[in-house]
Amino acid sequence: MTSGDSASWRPPSSVGWAVVDPARNPFDPAGVLAVLWSLAPPVPPAVPRGMPRGAPRQVWDDYQAASRIASQWNFAVTDVLVAQYGPWAFDWAWSPGLDDYVGELVPRWDFWEPISTSQSETLRMVADALVQWRRWLEDLAARFDRLLPSLRQPCEQAERGGTLAAWEAAISHLMATTTARAEDNEGWQGLCGRVLTWFLNAAGIPEQRAATLVGRAIDARFDHWVPLSAADIADVAERLAREIVEPGNQGIPRPGQGGDDWPDTWPDGWPSWRATNLPRKHS
């Protein structure tokens, strides 16, 4: 088997909330291990995890080869899980590290590391990873259910302020809770963007427009590997909420468009890379 043999190189054609919404995708966690024993390909031989410092070239080559074999096996297992449970299972290995059900960090299955356990232990860990991903989706669905009713107010002029505040509060809550569960506080963009896109989609905003709005709010404004601050959360929530409630509103300038005469932070760190009125190289 080569990497090109696996359909798992391709994500599901739709990334909308309906694809992953637990309410639309029945799931019995008790049967996952039996499914894996029945359908998963044989687990590759276990090899030591990690590379010793200063290892000779042959050891490094062997390690890379074992990593490729492991990733190919993981792609094949992904195909099995998606075929059995649906596209929501595609990201079984990528759940956030904090499991609310046990209240602590839970080790995730490492998709790219060589497999270092036995057949039975490996399949159990994969089953646990899928269940953990499902639990996170269920927790997310519960948050959506609590937040969505506040957004369904009339959008007439008299009500717009309340609706805008509700959107800001919902977006801020989701950003804060999502980034708190990220294992790396500098790599929050992907997970946070996905959650916000799903939320907008669940609120009735078409999938592609939701992705575009969130992309403008996050990807176009933040470099990767920078921590997210409370001020950033408030700023993103305000901008994104205004774009949703008041489409086409240009009242808040975007990076490089000008607007106010001061950077967003002053005097420390002046001028700030977060300043809305200063052009950046990628603007």
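Treat the numbers as computed from the prediction; the structure is a model and nothing was measured. (Residues numbered from 1 in each chain as written. Predicted model: local features only at pLDDT ≥ 70, side-chain atom pairs only at ≥ 80, totals over all residues. Heavy atoms only, no water.)

### Brief notes about the packing of helix H4 (residues 119-147) against helix H6 (residues 189-202)
Contact geometry of H4 with H6 gives a least axis separation of 11 Å together with a crossing angle of 50 degrees. Looking at the two axes, H4 sits oblique to H6. Once H4 is placed against H6, the crossing between them reads as right-handed. Taking contact as the criterion, the partners of Trp133, Trp136, Leu137, Leu140, Phe144 and Leu147 in H4 are, on H6, Leu191, Arg194, Val195, Trp198, Phe199 and Ala202. Of the residues assigned to the contact of H4 with H6, the class counts are 11 nonpolar, no polar and 1 charged. (Axes fitted to C-alpha atoms, helices over the stretch in contact; angles between N-to-C directions. Helix = DSSP H or I, 4+ residues; strand = E, 2+ residues; numbered from the N terminus. Parallel < 35°, antiparallel > 145°, perpendicular 65-115°, else oblique. Left-handed = near helix turned anticlockwise from the far one by under 90°. Contact = heavy atoms within 4.5 Å. Nonpolar A, V, L, I, M, F, W, Y, C, P; charged D, E, K, R; others polar.)

### Examining the packing of H6 against helix H7 (residues 207-217)
In helix packing, the relevant descriptors are the interaxial angle and the interaxial distance, both defined with respect to the helix axes. Packing of H6 against H7 leaves a shortest axis separation of 8 Å and a crossing angle of 140 degrees. When the axis of H6 is compared with that of H7, the two are oblique. Every pair of crossing elements has a handedness; the one defined by H6 and H7 is right-handed. Mapping the contact onto sequence places Gly193, Leu196, Thr197, Leu200 and Asn201 in H6 and Glu207, Ala210, Ala211, Leu213 and Val214 in H7. A breakdown of the residues in the contact of H6 with H7 according to their chemical character gives 6 nonpolar, 3 polar and 1 charged.

### Concerning the packing of aromatic side chains
Per the stated rule, a full pass over the model turns up 14 aromatic pairs. Ring geometry for phenylalanine 75 and tryptophan 112: centres 5.9 Å apart, planes at 70 degrees, overall edge-to-face. Here tryptophan 112 lies in the loop between strand S2 (104-105) and H4 and phenylalanine 75 lies in helix H3 (residues 57-85), a separation of 37 residues in the sequence. Taking relative accessible area as the criterion, phenylalanine 75 reaches 6% and is therefore assigned buried. Through successive ring pairs, a cluster of aromatic residues spans Trp17, Trp133, Trp136, Phe144, Trp167, Trp198 and Phe199. Sitting over the face of the ring of tryptophan 88, arginine 134 holds its NZ or CZ atom 4.9 Å from the ring centroid. (Phe/Tyr/Trp six-rings, centres within 6.5 Å; stacked < 30°, edge-to-face > 60°. Buried < 20%, exposed > 50% of the residue type's maximum accessible area, 1.4 Å probe, protein only. Lys NZ or Arg CZ within 6 Å of the ring centre and 35° of its normal.)

### Concerning the environment of valine 77
By secondary structure assignment, the location of valine 77 is in helix H3. For the pair formed by valine 77 and proline 41, sequence separation is 36 residues and the distance between their alpha carbons is 7.3 Å. The residues touching valine 77, leaving out its near neighbours within four places in the chain, are Leu36, Ala40, Pro41, Trp92 and Val126.

### Topic: helix H2 (residues 32-39)
Three or more residues of H2 are buried, namely Val32, Val35 and Leu36. Viewed along the axis of H2, the buried residues span an arc of 95 degrees, placing them on a single side of the element. Those residues of H2 that are exposed and angled more than 90 degrees off the buried face are Ala34 and Ser38. Contacts made by the buried residues of H2 are with H3 and H4. (Arc of directions from axis to C-beta.)

### Quick word on the environment of tryptophan 37
Residue position: tryptophan 37 is located in helix H2. In this structure the C-alpha to C-alpha distance between tryptophan 37 and glutamine 119, which are 82 residues apart in sequence, comes to 9.2 Å. With sequence-adjacent residues up to four places away left out, tryptophan 37 is seen in contact with Gln119, Ser120 and Leu123.

### Some remarks on the nonpolar core
In this structure, Trp92, Trp167, Phe199 and Leu200 are the most contacted members of the largest nonpolar core, which totals 68 residues. Looking at this core, the elements with two or more residues in it are helix H1 (17-20), H2, H3, H4, helix H5 (157-181), H6, H7 and helix H8 (230-245). Looking at which element gives the most residues to this core, the answer is H4, with 13 residues. Discounting residues that sit within four places of it in the chain, leucine 200 has contacts with Trp167, Ile205, Ala210, Leu213, Val214, Leu240 and Ile244. (Core = buried A, V, L, I, M, F, W, Y, C linked by side-chain atoms within 4.5 Å.)

Scope: geometric values only; no functional claims are made or implied.
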